[in-house]
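For reference, the chains in residue letters:
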Amino acid sequence: MAATTADHNQYVNETSFYNRMVLSHLLPASLWEPLPHFLQTWLRNYLAVNILYFTSGFLWCFYIYYLKPNVYVPKDSIPTRKAMILQIYVAMKAMPWHSLLPAVSEYMIEHGWTQCYSTTDHFYWFHCILYIALYLVIVEFGVYWIHKGLHDNKFLYKHLHATHHIYNKQNTISPFAGFAFHPLDGIIQSLPHVIALFIVPIHLITHLCLLFSEGMWATNIHDCIHGNIWPVMGAGYHTIHHTTYKHNYGHKTILMDWMFGSLKAPLAEEDSFKEKAN
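Notes on the structure follow. (Residues numbered from 1 in each chain as written. Predicted model: local features only at pLDDT ≥ 70, side-chain atom pairs only at ≥ 80, totals over all residues. Heavy atoms only, no water.)

Things to note about the side chain of Glu-110
Its location among the elements puts Glu-110 in helix 5 (residues 100-110). There is a polar contact of 2.8 Å between the side chain of Glu-110 and the side chain of His-37. (Helix = DSSP H or I, 4+ residues; strand = E, 2+ residues; numbered from the N terminus. Polar contact = N/O pair within 3.5 Å; in protein donor to acceptor, adjacent residues only side chain to side chain.)

Quick word on unusual backbone geometry
Omega for the bond connecting Trp-230 with Pro-231 falls within 30 degrees of zero, at 0°, which places this linkage in the cis form. Locating Pro-231 in the fold gives a position in the loop between helix 9 (204-220) and helix 10 (235-244). Positive phi, close to 70°, is recorded for Tyr-245, a residue that is not glycine. Looking at the secondary structure, you find Tyr-245 in the loop between helix 10 and helix 11 (255-260). You will see that Asn-248, though not glycine, has its phi angle at about 55°, which is positive. Mapped onto the fold, Asn-248 is located in the loop between helix 10 and helix 11. By relative accessible area, which is 0% here, Asn-248 ends up buried. (Buried < 20%, exposed > 50% of the residue type's maximum accessible area, 1.4 Å probe, protein only.)

A closer look at empty space enclosed by the protein
Within this structure, the stated rule accounts for one cavity of 30 Å³ or more. Taken as a whole, the largest cavity encloses approximately 580 Å³ of empty space. Together, 31 residues line the largest cavity, and Phe-181, Gly-186, Ser-190, Glu-214 and Ala-218 are the ones closest to its centre. Broken down by secondary-structure element, the contributors of at least two residues to the lining of the largest cavity are helix 3 (37-67), helix 5, helix 6 (125-152), helix 8 (183-197) and helix 9. It is helix 9 that contributes the most residues to the lining of the largest cavity, six residues altogether. (1 Å grid on protein atoms, 1.4 Å probe; cavity = no way out; pocket = protein on both sides within 12 Å on 5 of 7 lines; lining within 4 Å. Points joined across faces, edges and corners; volume = space filled by probe spheres on them.)

Following this line, the structure appears as structure tokens:
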């Protein structure tokens with residue numbers, strides 16, 4: 001359904017506010033104000049995702065590798081600086097392209113091509129929560145099958161997903177590996193967030209928050225620390241995925257792997273590493 005002029009202006013005003021809020025604090029106005037609105041949105045997403053990537057990655061690594069060595073991760077399993085620098089290098093090449101997807105989704109929202117809304121005036125809070133839950137189910141289902149397809153199709157694996165799977169041992173996987181993808185691979189795996197916009201009514205800011213939460217989640221599931229919180233697809237499950245290549249394709253929960261028979265749980269011995277180390 002095409003947006004009315006009022007709807008279009010409301011969306012553009014909102015995304016323009018986000019652009020100003022980020023770009024005005026990071027860049028001189030002369031560098032970003034002359035840019036078209038779409039490029040401003042892309043630049044805002046690019047800078048924001050870089051800040052998120054480096055802040056979460058450095059804080060996470062500093063805490064688990066340097067402040068608490070041999071507590072969360074065995075000392076001989078801590079990735080080398082060379083491995084982490086390589087992951088950052090791969091992520092930096094992909095980041096401009098990863099930032100394109102949220103810019104495109106915002107463009108489609110602004111033009112009324114999605115079910116997205118910017119006000120809750122016409123919805124009860126119960127409906128909003130229900131729609132968020134449905135959105136998350138669609139994302140969970142979509143990411144599972146896209147991820148599994150990237151493994152099952154030899155061409156796609158070789159030319160796209162293998163870039164991420166060069167990190168296949170605990171001492172080569174770090175929080176910085178979360179964005180170390182082939183550019184197209186990262187975009188494809190995030191597509192369910194955009195597809196869900198055409199199916200489920202969801203607030204614009206909710207969509208953006210859930211999309212950017214993927215950055216924190218990608219950091220978390222590559223730290224090799226198994227939190228053991230059911231039904232969360234924690235790092236223990238994802239580390240198994242990196243080492244066996246045929247289990248735990250799921251996104252934030254283990255439910256899809258459980259339903260479709262690809263779930264492999266971490267060993268209990270690994271769950272209690274801290275107690276055994278002590």
